[in-house]
Structures are given as structure tokens and as C-alpha cells.
Amino acid sequence: MEYIVGGVFMARCIVPEAEAILDKEFKVLDKGFIRLVDYMGSDARIVQAARVSYGAGTKTVREDKGLINYLLRNEHTSPFEQVVFTFHVKLPIFVARQWIRHRTARLNEISGRYSIMNDDFYVPSVDDIAFQSSDNKQGRSKNVVPDDLKKKILDILTEGQDKSYADYTEMVESGIARELARINLPLSTYTEWYWQIDLKNLFHFLKLRMDSHAQKEIRDYGFVMFDMVKKVCPLACEAFENHILGGCRLSEAERKAVANLLKGKELDLSGRALEIFSAKVLD
Ligand SMILES: Cc1cc2nc3c(=O)[nH]c(=O)nc-3n(C[C@H](O)[C@H](O)[C@H](O)COP(=O)(O)OP(=O)(O)OC[C@H]3O[C@@H](n4cnc5c(N)ncnc54)[C@H](O)[C@@H]3O)c2cc1C
């Protein structure tokens, strides 16, 4: 929303669709959630920032959309840093360990030295129990796991969690320091944090973590978060889907192969190089 106060151009962005989801918990996995605590800026802020050099704010939706598309397509990303989100996230520690690798964010996490950890552990749904993939060392196989084995796996997971929490409780009740009592709690333990990031870096996070190569559990957070971000800046998200999420980077050899095709020549890629190229383009 833009308005003039005492001759000064004001631009506090309030987006009704975003206001409607503020503070609401969006469920992820069995016990996790994402909550939008606050946001600063929107599509309007991106175009205001980009047009600051000549003092104009937003124009028509069509012109704003065109500008946002242009900015993202040409990697003129600094206007996207003007949009900032604060999320409250509840997530298992093994997801948090992947998430925290994204350094361009600010966060504050619950302290297991100060607080008593809750009896909250992630247990995968029965459909998510899978064998190790044989061709992707960081992935799951599509081969069906027999029902009796799935049940056994779930029993192993829950029994281990129950035992470690009983041990934790016993240590805490014996007066042992919380910072020590917690050290055998499993990676499936849920933690919580406030996470603040700007839109440019959030797009980078979402590109990597919604990708099929990322672990299923962090992808689930990525998908829910992306739906929330769309409420704040739908035009930027549309441009992100077109230019970043749905696009792909070509090597020089791949670019030349595409040029060959366009000129009606042979593709000129074979073997593993052709496999990688096909996976990029046909995925
Ligand atoms: C599918 C997948 C598998 C992975 N597997 C592993 C693994 O097996 N082991 C492992 O250790 N990690 C792994 N990672 C983590 C990965 O290597 C990155 O650390 C993580 O994705 C964060 O990416 P980033 O550094 O680009 O993001 P951010 O830290 O958010 O940084 C964003 C961008 O800012 C710039 N930047 C930030 N900090 C610096 C800096 N200090 N110096 C220079 N530039 C900086 C870079 O351009 C960077 O791309 C994996 C990630 C994915 C998505």
C-alpha cells in the first residue's frame, strides 16, 4: 500500500492475503509446523526498490509483473532482498541440521540447556518407509518394502525414542544438568526456531530444498513455506517458478548441443553427458 504523508512517499506494504495467514500454524510432517510471524515488503516493495532511481512506485500490475520478471531473469536480485520474512518453525533436528547450512539467514533456537525438551519425535508415515536407493547414495529406492518390515521399522524407531526420552527424564529428575541429560536424544527430536531471511536468499533455499535431490522431509517444509510466501509476493513467486525453479543451467557443451538442434544438426551429446542433459531437460 502506498500513500503520501506530508509530501513524503510512504510505502508500508500490507497484503491482505498475507495478513490472513499471519500467526497461523501450517502443519508439516507428523508434529511440525511453519508459522509466518511477520513479513516486510511484497511485490510492491520489489518494484519500488528497483524504480527508486527515478522516484516512481508501483505502476499497473502488468508493468510490475514485467519488471519483476525482467529483474529475476537477469539476476538483478538486490530488490528481492528488500522483502523479509520471519518464520517460527518446529522441525526434527535432522532437518534442522540441513536447514542451518543456509548461512544467509538469522535464527534463534530453543535452548536444550535452559528448557526441558518435549517428548516430541518425528516418526515417518508408513508410506515413507523405503529402502536405500542403489543408484543415488543420498536417496530412497522405489522398491516396495513389505508391510511386516515397515511395521518392524516403525517399532524400532518408536521404541528407541521412548527409551531415550525415559533416560532423559530420569537424568533430569536426578538433578543432572539439562545440557548433559539431553545428549543422547535422537536426531528425530523436534526443535523450534525463529528464522528470518530475505526473499532473494529464501528463493535460493527453496530452489535447493524443494528439489527432488533434497531429502523428502525438508522438501515438505519447502513446499509448505513456498505456498505461504506466495501469499506475500505472488508475482515474484511466479517469476521464481518460471526462471529459477522450472529452469535449468546448461554447461557449454549442453548449450552447444541445443544450438545444434536449433540449426537442424545432430545433438552431439552421447553416453553419460546425454543422460545428464536428458535428466535436466525432461525432468
Ligand atoms: C541435495 C543437497 C545435498 C547436500 N549434501 C551435503 C553433504 O553431503 N554434506 C554437506 O556438508 N553439505 C551438503 N549440502 C549442503 C550444501 O553444500 C550447502 O552448504 C547448502 O545447500 C547451503 O547452500 P549455500 O551455501 O549456497 O547457501 P547459503 O549459505 O544460504 O548461501 C547463499 C549464497 O551466499 C553466498 N555465501 C554465503 N556464505 C558465503 C561464504 N562464507 N563465502 C562465500 N559465499 C558465501 C554463496 O553464493 C551462497 O550460494 C547439501 C545440500 C543439498 C541441497
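Preceding this paragraph is the structure being described.
Residues numbered from 1 in each chain as written. Predicted model: local features only at pLDDT ≥ 70, side-chain atom pairs only at ≥ 80, totals over all residues. Heavy atoms only, no water.

**Here's the deal with helix α8 (residues 216-232)**
Along its 17 residues, α8 runs 25 Å from first to last C-alpha, staying within 8% of the 24 Å computed at 1.5 Å per residue. Looking only at α8, the buried set comprises Glu217, Ile218, Asp220, Tyr221, Gly222, Val224, Met225, Phe226, Met228, Val229 and Val232. (Helix = DSSP H or I, 4+ residues; strand = E, 2+ residues; numbered from the N terminus. Expected span 1.5 Å × (residues − 1). Buried < 20%, exposed > 50% of the residue type's maximum accessible area, 1.4 Å probe, protein only.)

**Considering the environment of Glu25**
Structurally, Glu25 can be placed in strand β3 (residues 25-28). With relative accessibility at 54%, the residue Glu25 sits in the exposed group. As a C-alpha pair, Glu25 and Lys231 span 206 residues in sequence and 15 Å in three-dimensional space. Beyond its immediate chain neighbours, meaning those up to four positions away, Glu25 contacts Phe33, Ile34 and Arg35. (Contact = heavy atoms within 4.5 Å.)

**Focus on the sheet that holds strand β5 (residues 84-92)**
Strand order across the open sheet formed by five strands is β3-β4-β5-β7-β6, with antiparallel pairing between neighbours. Two strands lie at the open edges of the sheet, namely β3 and β6 (106-109), each paired on one side alone. Strand-to-strand twist of the sheet, defined as the mean angle between neighbouring strand axes without regard to direction, takes the value 20 degrees. One ladder, built from four bridges, connects β3 with strand β4 (residues 32-40); its direction is antiparallel. Within the sheet, the bridge partner assigned to Lys27 lies in β4 and is Phe33. (Pairing = 2+ DSSP bridges. Axes fitted to C-alpha atoms, helices over the stretch in contact; angles between N-to-C directions.)

**Some words on a nonpolar patch on the surface**
Side chains of Ile176, Leu180 and Ile183 sit close together on the surface and give an oily, nonpolar patch of about 290 Å² of accessible area. Relative to the elements of secondary structure, Ile176 occurs in the loop between α5 (147-173) and α6 (178-181). For Ile176, a relative accessible area of 38% gives the class partly exposed. (Patch = residues over 30% accessible without salt bridge, like charges linked within 9 Å, V, L, I, M, F, W, Y side chains within 5 Å. Areas by Shrake-Rupley, 256 points an atom, 1.4 Å probe, with all protein chains shown as cover. Salt bridge = Lys/Arg side-chain N within 4 Å of Asp/Glu carboxyl O.)

**Some points on the site of the ligand**
Around the ligand, the neighbouring residues are Arg101, His102, Arg103, Thr104, Gln138, His204, Leu208, Arg209, His213 and Ala214. A distance of 2.6 Å is found between an oxygen atom of the ligand and a backbone nitrogen or oxygen belonging to Arg103. Thr104 is positioned such that a nitrogen or oxygen atom in its side chain is 2.7 Å from an oxygen atom of the ligand. Compared with its free state, where it exposes 940 Å², the ligand has 49% of that area covered by protein. (Near = heavy atom within 4 Å. Polar contact = N/O pair within 3.5 Å; in protein donor to acceptor, adjacent residues only side chain to side chain.)

**Side note on the pattern of salt bridges**
Here the structure, examined in full by the defined rule, presents 15 salt bridges. Among the ionic pairs, Asp23 bridges to Arg35, the shortest N-O distance being 2.6 Å. Taken as a pair, Asp23 in the loop between α1 (16-21) and β3 and Arg35 in strand β4 lie far apart in primary sequence, 12 residues in all.

**Here we look at the packing of helix α3 (residues 61-73) against helix α9 (residues 234-245)**
Two elements in contact, α3 and α9, have axes whose closest approach is 9 Å; the angle formed by their N-to-C orientations is 40 degrees. Here α9 runs oblique to α3, going by the angle between their axes. For the pair α3 and α9, the sense of crossing is right-handed. Judged by residue contacts, Val61, Asp64, Lys65, Ile68, Asn69, Leu72 and Arg73 of α3 engage Leu235, Ala236, Glu238, Ala239, Phe240, Asn242, His243 and Ile244 from α9. In terms of residue class, the contact of α3 with α9 is built from eight nonpolar, three polar and four charged. (Parallel < 35°, antiparallel > 145°, perpendicular 65-115°, else oblique. Left-handed = near helix turned anticlockwise from the far one by under 90°. Nonpolar A, V, L, I, M, F, W, Y, C, P; charged D, E, K, R; others polar.)

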